[in-house]
Amino acid sequence: MVEVKGVHYAVGRREIFAGLDVVARRGRITAIMGPSGTGKTTLLRLITGQTAPTSGEARVWGERVSSLTQRDLYALRRRMGMLFQNGALLTDLDVFENVAFPVREHTNLSEPLIRELVLTKLHAVGLRGAARLMPAELSGGMARRVALARAVVMDPELLIYDEPFVGLDPISMGVIVRLIRQMNRVLGITSIVVSHDVHELAAIADESYLLSQGRCVASGSPEELHRSESEVVRQFLDGVADGPVPFHYPAPDYRDQLLGVGRRAQGGRAQ
Amino acid sequence: MSIAAPRDGLLTGALRRVGAVGVFFGAVLVQCVPALARPRLIVHQIYNAGARSLIIIMLCGLFVGMVLGLQGFDLLQRFGSEDALGVAAALGLLKELGPVVTALLFAGRAGTALTSEIGLMRATDQLTAMQMMAVDPLQRIVAPRFIGGVIAMPLLVAIFNLVGLFGAQLVGVQLMGVDAGAYWSQMQGAVQLNDVQEGFIKSVVFGTACSLVAVYEGYHTEPTAAGVGLATTRTVVTSSVLTLLLDYILTAAFL
């Protein structure tokens, strides 16, 4: 259903992906994990056609995304839903209108039907009572839940979640985890979830990919990853600073920089 | 980096920017056609850009008219022609001051609001979210705001002129003692339809320019707090310079 093959992608001289391969199968939940800065969100941007790979290809339902015209890309996106990391709610519309937005834009449904549809989705995320609040009046977690209701209001075939668990309290997180699982099991929605939350992902993912330094370094079911002896996998799952994935951004020697040795050469402040 | 490089970069950058604005203008014009089918969005933007600028426009119009009345009276009385104050005020407002000052105020009030609103939408992923919902932000966000600005400007200019004429009359007739009959009748006799048309055409051109600059800067904002601030500043500066440049070109064309 979603196939990323041999993708290379660079921003300026910095290479983000160096031959990345990822497959998300129909009706399954695919988790994309990896340390910060490994390009997880960039991968979602490639899949959704927001950006194009330097080489390689991303295919969704067999369509090469980067080759589509805007009309075809929009037709493809109508079958997708995406939950943004910050919710990305439209700030001039209230909660109800935010969820109703794609319905109003793409259908001619009657007002009572739109109302029913929107309230159903808001009820599912526990925010039916917040329908008339403005986005500025919502907490981060509530905004994420409204964004989730908006993402599913058109009953998409593919749902893409960018860090859906960040900033959620345990109750909201439990509800969101259950919702993702239910939508997948009951409605057969294919899901791609980008997240750091290893334990939540383990509870819902059918298949996981661990990205590091531009490549997929491990893949398989959550159990397989947990059994893995790979150093990279162990470092990520166990949350260890020392390992093949550097915790520190490349920098001059700590001692030398503090003591001012070679200050000018290393770009330190001499004044 | 060689010394010549920044100069080349400046020229190339300026040309690239002009080209980018031209391409963007074309894209917005294309999206204006479907946007016109949703008049509620446009009316809302006319309200935002127009009605919300009314107080500042009327206030400034009044003061500009009063100053025009004072200066005009002082100048005309030296030649014993103070009865022509109505004509001087009307032509000055209709042909020049009305469109130009309104455009400058529009850039500062409505233009900055447009840029910061669209820029914040860019910075908070709202535009990307729309694209992900298969909704073109150019059609849903940019085009209605652009059309709203273009329609609002001539209306604001008309109100500015009206209040300005009242201000000039207030000073000239009520304070300085110019004959009211002469003030209005000379104005009626001397002002031609061409003069009104010139002001109207200028207001439409300035409205197009200022609205285009505002939505362009907002749409291409760097998605940071500083980026939104810079884009807003650029809107005021570019709109103001462009208004005065276009004013010269149009005035030369009409003479």
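On a predicted model such as this, the values are computed, not experimentally measured, just so you know.

Caption draft 1: Broad picture of the domain arrangement of chain A. All names here are of chain A. Split into domains, chain A comes out as domain 1 (2–79 + 157–266) and domain 2 (91–155). Spacing between the C-alpha centres of domain 1 and domain 2 amounts to 27 Å. Contacts between domain 1 and domain 2 engage 15 residues on the former and 10 residues on the latter. For the pair domain 1 and domain 2, the summed buried surface comes to about 960 Å²; carbon and sulfur atoms form 67% of the total.

Caption draft 2: Molecular detail of the side chain of Q126 of chain B. Relative to the helices and strands, Q126 of chain B is located in helix 5 (residues 126–132). Exposure remark for Q126 of chain B: the relative accessible area of 2% places this residue in the buried category. Polar side-chain contacts of Q126 of chain B include one of 2.9 Å to the side chain of T124 of chain B. In contact with Q126 of chain B, other than residues within four places in its own chain, are A88, L89, L90 and T91 of chain A together with L120 and M121 of chain B.

Caption draft 3: How the structure looks around the pattern of salt bridges. Applying the stated criterion across every chain yields a total of 22 salt bridges over all chains. Taking the shortest distance from any N to any O, the salt bridge between D155 of chain A and K121 of chain A comes out at 3.2 Å. With D155 of chain A in the loop between helix 5 (140–152) and strand 7 (158–162) and K121 of chain A in helix 4 (residues 111–124), this residue pair connects regions lying 34 residues apart in the sequence. A relative accessible area of 16% places K121 of chain A in the buried class. One continuous salt-bridge network, built from bridges that share partners, spans K95, E96, D195, E198, K202 and D247 of chain B.

Caption draft 4: Highlighting the packing of helix 6 (residues 137–175) of chain B against helix 8 (residues 193–219) of chain B. Residue and element names in this part refer to chain B. For the pair helix 6 and helix 8, interaxial distance at closest approach is 8 Å and the crossing angle is 150°. Between helix 6 and helix 8, the angle falls in the class roughly antiparallel. In this structure, helix 6 meets helix 8 at a crossing whose hand is right-handed. For the pair helix 6 and helix 8, the contacting residues are P137, L138, V142, R145, F146, G149, V150, M153, P154 and V157 in the first and F200, S203, V204, F206, G207, T208, C210, S211, L212, V215 and Y219 in the second. Here the residues of the contact of helix 6 with helix 8 are counted per class, giving 15 nonpolar, 5 polar and 1 charged.

Caption draft 5: Looking closely at the nonpolar core. In this structure, F17, L43, V60, L158 and I192 of chain A together with F24 of chain B are the most contacted members of the largest nonpolar core, which totals 61 residues. In terms of residue count, the dominant contributor to this core is helix 6 of chain B (7 residues). Aside from chain neighbours lying at most four places away, what touches L158 of chain A is M1, V2, V60, W61, R79, M80, G81, I189, T190 and I192 of chain A. One finds M33, V103, I189 and F236 of chain A within the second-largest nonpolar core, a separate group that totals 50 residues.

Caption draft 6: Region of the structure containing helix 4 of chain A. Residues and elements named next belong to chain A. Here helix 4 contains 14 residues, and its C-alpha end-to-end distance of 20 Å stays within 8% of the 20 Å for a straight helix at 1.5 Å per residue. Among the residues of helix 4, those classed as buried are I114, V118, K121 and L122. Here the buried residues of helix 4 occupy an arc of 100° about the axis, which is enough to place them on one side. The exposed set on the far side of helix 4, more than 90 degrees from its buried face, consists of P112 and E116. Structurally, helix 4 contributes buried residues whose contacts are with helix 3 (95–106) and helix 5.

Rules used throughout
Residues numbered from 1 in each chain as written. Chains lettered and ligands numbered in written order. Predicted model: local features only at pLDDT ≥ 70, side-chain atom pairs only at ≥ 80, totals over all residues. Heavy atoms only, no water. Domains from an automatic or database assignment. Contact = heavy atoms within 4.5 Å. Buried area = accessible area lost by both parts, 1.4 Å probe. Helix = DSSP H or I, 4+ residues; strand = E, 2+ residues; numbered from the N terminus. Buried < 20%, exposed > 50% of the residue type's maximum accessible area, 1.4 Å probe, protein only. Polar contact = N/O pair within 3.5 Å; in protein donor to acceptor, adjacent residues only side chain to side chain. Salt bridge = Lys/Arg side-chain N within 4 Å of Asp/Glu carboxyl O. Axes fitted to C-alpha atoms, helices over the stretch in contact; angles between N-to-C directions. Parallel < 35°, antiparallel > 145°, perpendicular 65-115°, else oblique. Left-handed = near helix turned anticlockwise from the far one by under 90°. Nonpolar A, V, L, I, M, F, W, Y, C, P; charged D, E, K, R; others polar. Core = buried A, V, L, I, M, F, W, Y, C linked by side-chain atoms within 4.5 Å. Expected span 1.5 Å × (residues − 1). Arc of directions from axis to C-beta.

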